[in-house]
Amino acid sequence: MSKIQMPVEERIGKVIMVIVLCLASLAALYPFLYVFSMAISSPEHVLRRDVYLYPRGIGLEGYRLVFSNANIWRSYANTIYYTLVGTAINVTLTVLAAYPLSRPRFVLRRPLSLMITFTMFFGGGMIPFFIVISRLGLYNTRWGVLLPFAVSAWNIIIARTFYESIPEALIESATIDGAGNMVTLVKIVLPLSGSILSVLALFYAVGHWNSYFWPLVLLNNPELQPLQIYLYKILVQLKQDTMAGAQIGISRTVAAEQFKYSSIIVSILPIIVVYPFLQKYFVKGVMIGAVKG
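What you see is a predicted model; the values in this text were computed from it and never measured.

Thoughts on the overall build of the protein
Part 1: The secondary structure content of the protein amounts to 14 helices and zero strands.
Part 2: If you list the helices and strands of the protein from N to C, you get α-α-α-α-α-α-α-α-α-α-α-α-α-α.
Part 3: The proportion of buried residues among the 293 residues of the protein is 34%.
Part 4: The long-range fraction of contacts in the protein, counting pairs at least 24 apart against all pairs at least 6 apart in sequence, stands at 73%.
Part 5: Entry remark: accessible area of the protein is about 17600 Å², with carbon and sulfur atoms responsible for 71%.

Shown next as structure tokens:
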């Protein structure tokens, strides 16, 4: 049998698509390669900024400064705390909100869904939000960063759409056998929710790990600030050192420059390590949650 020839227009389109995807991948990968190369290049090349793609020489002074700095490890521990505790709260509340909204028999399903959707488009603003946090006594506390962002309306909608794909007959059979709502959720629904739970955990965890603005606004105590705030302080200090020029000496400027890049690599390493293990669930969960079954 002769093979069916692909139309010329389709072949050209696929070639263009491959080229565009390759360029997009390079554009996304290059900043990481540049930061990594600057973090391990020798000091003279870092100072001259003649590192563009691959490392030039070897200099690990930045990593030595990172691993000997107690402040960065304190901020690192804070970030891990916010990520683990915050993600656990987020996923739990999202599931508890999304599952009832996915059941046709739930009387308040439509009005509550409209209220949740409303919050995606309208908000009170930063100043009223800050006043509420202060009046509740959450300012400059760990819970001030976790509780106000305990659930995402968008993630509730994604999880609700996923749970709508679970057959109602499965829920009804559990009810006939005497299972209550929580038993049905824990023993029947959750074992079927591996993909969407992984997606929610990944979304929330990355959000907590990269959180910068609200911790900067709500946390004045350095003992409670996450890693991103400390990186911000490093950049500000580096700028001041660079402007100071001869007063601080060339070695301190180079050390601060490499310390910045090394800190960035150390801060993003956990996400890079974890993501490959969740990628298959990520793609599957997003597709299931995005299309109503």
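Description of a nonpolar patch on the surface
Part 1: On the surface, a nonpolar cluster with roughly 860 Å² of combined accessible area is contributed by Leu-29, Tyr-30, Phe-32, Leu-33, Phe-36, Tyr-52, Leu-53, Tyr-54 and Ile-272.
Part 2: It is helix H1 (residues 8-40) that contributes the most residues to the nonpolar patch, five residues altogether.
Part 3: Among the secondary structure elements, Tyr-30 is positioned in helix H1.

Description of the environment of Asn-71
Part 1: In this fold, Asn-71 is placed in helix H4 (residues 70-102).
Part 2: The spatial distance from the C-alpha of Asn-71 to the C-alpha of Tyr-230 is 8.1 Å, given a sequence separation of 159 residues.

Structural notes on the nonpolar core
Part 1: If you look at the biggest cluster of nonpolar residues, it comprises 20 residues, and the most contacted ones within it are Met-38, Tyr-63, Ile-72, Phe-259 and Tyr-261.
Part 2: Those elements that place two or more of their residues in this core are H1, helix H3 (61-67), H4, helix H13 (227-244) and helix H14 (250-290).
Part 3: With five residues, H1 is the single largest residue contributor to this core.
Part 4: Ala-159, Tyr-163, Leu-185 and Leu-200 belong to the second-largest nonpolar core, a separate cluster that totals 17 residues.

Some thoughts on the packing of aromatic side chains
Part 1: Evaluation of the coordinates by the stated rule reveals 14 aromatic pairs.
Part 2: When the ring of Phe-213 is compared with that of Trp-214, the centres are 5.2 Å apart and the planes differ by 75 degrees; the resulting orientation is edge-to-face.
Part 3: Exposure remark for Phe-213: the relative accessible area of 41% places this residue in the partly exposed category.
Part 4: Three or more aromatic residues joined by ring pairs form one cluster here, namely Phe-129, Phe-149, Phe-213 and Trp-214.
Part 5: Lying across the ring of Tyr-81, Arg-142 places its NZ or CZ 4.9 Å from the centre.

Some words on the pattern of salt bridges
Part 1: Inspection of the entire model under this criterion finds five salt bridges.
Part 2: A salt bridge links Arg-105 to Glu-168; its shortest N-O distance comes to 3.5 Å. Of the two residues, Arg-105 sits in the loop between H4 and helix H5 (109-121) while Glu-168 sits in helix H9 (residues 168-176), which places them 63 residues apart along the sequence.
Part 3: Among the residues examined, Arg-105 registers a relative accessible area of 53% and is labelled exposed.
Part 4: Here Glu-164 ties to Arg-160 by a salt bridge, and the two come within 3.8 Å at their closest N and O atoms. Of this pair, Glu-164 and Arg-160 both sit in helix H8 (residues 153-164), separated by four residues, roughly a single helical turn.

Cut-offs and rules
Residues numbered from 1 in each chain as written. Predicted model: local features only at pLDDT ≥ 70, side-chain atom pairs only at ≥ 80, totals over all residues. Heavy atoms only, no water. Helix = DSSP H or I, 4+ residues; strand = E, 2+ residues; numbered from the N terminus. Buried < 20%, exposed > 50% of the residue type's maximum accessible area, 1.4 Å probe, protein only. Contact = heavy atoms within 4.5 Å. Areas by Shrake-Rupley, 256 points an atom, 1.4 Å probe, with all protein chains shown as cover. Patch = residues over 30% accessible without salt bridge, like charges linked within 9 Å, V, L, I, M, F, W, Y side chains within 5 Å. Salt bridge = Lys/Arg side-chain N within 4 Å of Asp/Glu carboxyl O. Core = buried A, V, L, I, M, F, W, Y, C linked by side-chain atoms within 4.5 Å. Phe/Tyr/Trp six-rings, centres within 6.5 Å; stacked < 30°, edge-to-face > 60°. Lys NZ or Arg CZ within 6 Å of the ring centre and 35° of its normal.

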